[in-house]
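# Commentary on secondary and tertiary structure
Here is how the chains run, residue by residue.
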Amino acid sequence: MWYAIVGHDFPDSLEKRMASRPAHVARLESLQSQGRLMLAGPFPAIDAMDPGTAGFTGSLIVAEFLSLAEAQAWADAEPYLASGVYEKVSVKPFKKTFPS
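In this text the structure is predicted, and so the values were computed from the model without any measurement.

### Here's the deal with helix H1 (residues 14-33)
An α-helical turn contains 3.6 residues, so any two residues separated by three or four positions project in the same direction. The terminal C-alpha atoms of H1, which comprises 20 residues, lie 27 Å apart, in line with the 28 Å expected from a rise of 1.5 Å per residue. Taken as a whole, H1 carries its principal kink of about 55° at arginine 21; the proline proline 22 stands between one and four residues after it. Elements in contact with the buried residues of H1: strand E1 (2-9), strand E2 (37-44), strand E3 (56-64), helix H2 (68-76), helix H3 (79-82) and strand E4 (86-94). In the stretch just after H1, glycine 35 is the one whose phi turns positive, near 70°.

### Description of the packing of aromatic side chains
For any pair of aromatic rings, the description consists of the separation of the ring centres together with the inter-plane angle of the planes. Tallied over the full model, the rule gives three aromatic pairs. With centroids separated by 5.8 Å and ring planes inclined at 50°, the aromatic side chains of phenylalanine 65 and tryptophan 74 adopt a geometry described as tilted. Note on accessibility: phenylalanine 65 and tryptophan 74 belong to one class, buried. Cation over ring: arginine 27 sits above tryptophan 74, and NZ or CZ is 3.9 Å from the ring centre.

### Side note on the pattern of salt bridges
Counting across every chain of the model gives three salt bridges. Ionic pairing is found between arginine 17 and aspartate 9, a salt bridge with its closest N-O pair at 2.9 Å. The two residues arginine 17 and aspartate 9 agree in class, both being buried. Arginine 36 is the salt-bridge partner of glutamate 70, the closest N and O atoms lying 3.4 Å from each other. Here glutamate 70, found in helix H2, pairs with arginine 36, found in the loop between H1 and E2; they are 34 residues apart in sequence, far enough to count as distant. Using a relative accessible area of 30% as the deciding quantity, one classes glutamate 70 as partly exposed.

### Digging into H2
Listed as buried for H2 are Ala71, Trp74 and Ala75. On an axial view of H2, the arc spanned by its buried residues comes to 100°, and they lie on one face. Residues of H2 that are buried make contact with E1, H1, E3, H3 and E4.

### A closer look at the nonpolar core
Judged by nonpolar contacts, Tyr3, Ile5, Leu28, Leu31, Ile61, Ala63, Phe65, Ala71, Trp74, Ala75 and Val91 together constitute the single largest core of eleven residues. Secondary-structure elements contributing two or more residues to this core are E1, H1, E3 and H2. If one sorts the elements of this core by residue count, H2 sits on top with three residues. With near-sequence residues (within four places) excluded, tryptophan 74 lies in contact with Ile5, Arg27, Leu28, Leu31, Ile61 and Phe65.

Thresholds, definitions, all that
Residues numbered from 1 in each chain as written. Predicted model: local features only at pLDDT ≥ 70, side-chain atom pairs only at ≥ 80, totals over all residues. Heavy atoms only, no water. Helix = DSSP H or I, 4+ residues; strand = E, 2+ residues; numbered from the N terminus. Expected span 1.5 Å × (residues − 1). Bend = angle between axes of the 7 residues up to and from the residue. Contact = heavy atoms within 4.5 Å. Phe/Tyr/Trp six-rings, centres within 6.5 Å; stacked < 30°, edge-to-face > 60°. Buried < 20%, exposed > 50% of the residue type's maximum accessible area, 1.4 Å probe, protein only. Lys NZ or Arg CZ within 6 Å of the ring centre and 35° of its normal. Salt bridge = Lys/Arg side-chain N within 4 Å of Asp/Glu carboxyl O. Arc of directions from axis to C-beta. Core = buried A, V, L, I, M, F, W, Y, C linked by side-chain atoms within 4.5 Å.

The following block contains the structure:
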């Protein structure tokens, strides 16, 4: 099943985000190589593709896991959580409807 993982950044966490990004991206690349990643990306803090020093307010990952418990365990091991970028992470089952 698909799961939506939403990370909510601490304010002013851009420097920590950039330092932890290689480990974060490596985990996403692993999911992608396994065919289990639907999409992933950050939420810019301002209405711009490149928010510059305004940074980001969080991230969305939609990926396939065998269970909610497995998705939660994966999210709990997120480098952005361990390094203090994410203040909290929510994990919810996701049903893709469109595009079909």
